[in-house]
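# Structural description and commentary
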Amino acid sequence: MKTFFAYAQLVRLPNAFTAMADICLGALVLRALPEHLGTFACLLAASVLLYSAGMVWNDVFDFEQDLRERPFRPLPSGRISRGRAKLLGWFLLILGVGAAVGADVWNPEQAWRSSTLAGLLVGAIFLYDGWLKRTVVGPWSMALCRLLNILLGLSVTAGAIPI
């Protein structure tokens, strides 16, 4: 049970559901439910998985700072190794992009919009977590992550976004 709580803390499990709001926004704006329920479900999964991956990579990149400032976190406390965290981060990213591909397969008229946006979101996650977070463009890079997640929600139906 201790291991579960360490991983739940690493992925910020209670917060993961906030990422779903962007997908729900897109589906509601486009009045895509219930017609596109399968695509919507895939996008919800993609959003939560990519958000969770971002939280893991945040802790991987912040390990040295967390050793000093947040030694109770799962990585600096040793409850989860950095190697396992990196594996989990990659696994969640792959599953998240896979769920976006599933949304495109579910609705082939999308022309790979969801998976393209998920790929861009992966890039934005790494840019923010790895390099931009502590710079003057840090807030803008976080805003880009949120924007891409909202666009992911808008990709629930074909033609909603011109990619």
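Below: a short report on this structure. The structure displayed is predicted, hence computed values, not measured ones.

### A few points about the overall build of the chain
- Looking only at helices and strands, the chain features eight helices and zero strands.
- Along the chain, from the amino end to the carboxyl end, the secondary structure elements read α-α-α-α-α-α-α-α.
- On the principal axes, the C-alpha backbone points of the chain span a range of 50 × 40 × 20 Å.
- Expressed as a percentage of the 163 residues in the chain, the buried residues total 48%.
- For the chain, the proportion of contacts with a sequence separation of at least 24, taken over those separated by at least 6, is 74%.
- Accessible surface, the chain: about 8,500 Å² in total, of which carbon and sulfur atoms supply 70%.
- Across the chain, 14 positive and 10 negative side-chain charges occur, with their mean positions spaced 8 Å apart.

### Here's the deal with a nonpolar patch on the surface
- Residues Met 1, Phe 4, Phe 5, Leu 13 and Phe 17 make up a contiguous nonpolar surface patch of roughly 580 Å² in combined accessible area.
- Following the sequence through the fold, Leu 13 ends up in helix α2 (residues 13-16).

### Side note on the nonpolar core
- Formed by 39 residues in total, the largest nonpolar core has its most connected members in Leu 10, Leu 50, Val 56, Leu 75, Ala 85, Leu 92 and Leu 93.
- Those elements giving two or more residues to this core turn out to be α1 (2-10), α3 (20-29), α4 (37-61), α6 (82-106), α7 (113-132) and α8 (138-154).
- Considering each element in turn, this core owes the most residues, 11 residues, to α4.
- Val 56 has contacts with Leu 10, Val 11, Ala 85, Leu 88, Gly 89 and Leu 92, leaving out every residue within four places of it along the chain.

### Overview of the packing of α3 against α8
- For the pair α3 and α8, interaxial distance at closest approach is 7 Å and the crossing angle is 40°. Here α8 runs oblique to α3, going by the angle between their axes. Considering only the axes of α3 and α8, their crossing is right-handed. Counting all contacts with α3, which are made through Asp 22, Ile 23, Leu 25, Gly 26, Ala 27 and Val 29, the residues of α8 involved are Arg 146, Asn 149, Ile 150, Leu 152, Gly 153 and Leu 154.
- For the contact of α3 with α8, the class distribution of residues is seven nonpolar, three polar and two charged.

### Comments concerning the side chain of Ser 115
- Here Ser 115 shows up in helix α7.
- Looking at Ser 115, the relative accessible area reads 13%, which means it is buried.
- A distance of 2.7 Å separates a polar atom in the side chain of Ser 115 from a polar atom in the side chain of Asp 104.
- If near-sequence neighbours (up to four positions away) are discounted, Ser 115 is found in contact with Ala 100, Val 101 and Asp 104.

### A closer look at the layout of surface pockets
- Here the largest pocket defines a volume of roughly 270 Å³.
- Along the walls of the largest pocket sit 16 residues, with Tyr 51, Met 55, Ile 125, Met 142 and Cys 145 positioned nearest its centre.
- Among the secondary structure elements, those contributing two or more residues to the lining of the largest pocket are α4, α7 and α8.
- Examining the composition of the lining of the largest pocket, we find that six residues originate from one element, α4, more than from any other.
- Among the residues making up the lining of the largest pocket, the classes are represented as nine nonpolar, four polar and three charged.

Reading guide: rules and limits
Residues numbered from 1 in each chain as written. Predicted model: local features only at pLDDT ≥ 70, side-chain atom pairs only at ≥ 80, totals over all residues. Heavy atoms only, no water. Helix = DSSP H or I, 4+ residues; strand = E, 2+ residues; numbered from the N terminus. Buried < 20%, exposed > 50% of the residue type's maximum accessible area, 1.4 Å probe, protein only. Contact = heavy atoms within 4.5 Å. Areas by Shrake-Rupley, 256 points an atom, 1.4 Å probe, with all protein chains shown as cover. Lys, Arg positive; Asp, Glu negative; His and termini not counted. Charge placed at Lys NZ, Arg CZ, Asp CG, Glu CD. Patch = residues over 30% accessible without salt bridge, like charges linked within 9 Å, V, L, I, M, F, W, Y side chains within 5 Å. Salt bridge = Lys/Arg side-chain N within 4 Å of Asp/Glu carboxyl O. Core = buried A, V, L, I, M, F, W, Y, C linked by side-chain atoms within 4.5 Å. Axes fitted to C-alpha atoms, helices over the stretch in contact; angles between N-to-C directions. Parallel < 35°, antiparallel > 145°, perpendicular 65-115°, else oblique. Left-handed = near helix turned anticlockwise from the far one by under 90°. Nonpolar A, V, L, I, M, F, W, Y, C, P; charged D, E, K, R; others polar. Polar contact = N/O pair within 3.5 Å; in protein donor to acceptor, adjacent residues only side chain to side chain. 1 Å grid on protein atoms, 1.4 Å probe; cavity = no way out; pocket = protein on both sides within 12 Å on 5 of 7 lines; lining within 4 Å. Points joined across faces, edges and corners; volume = space filled by probe spheres on them.

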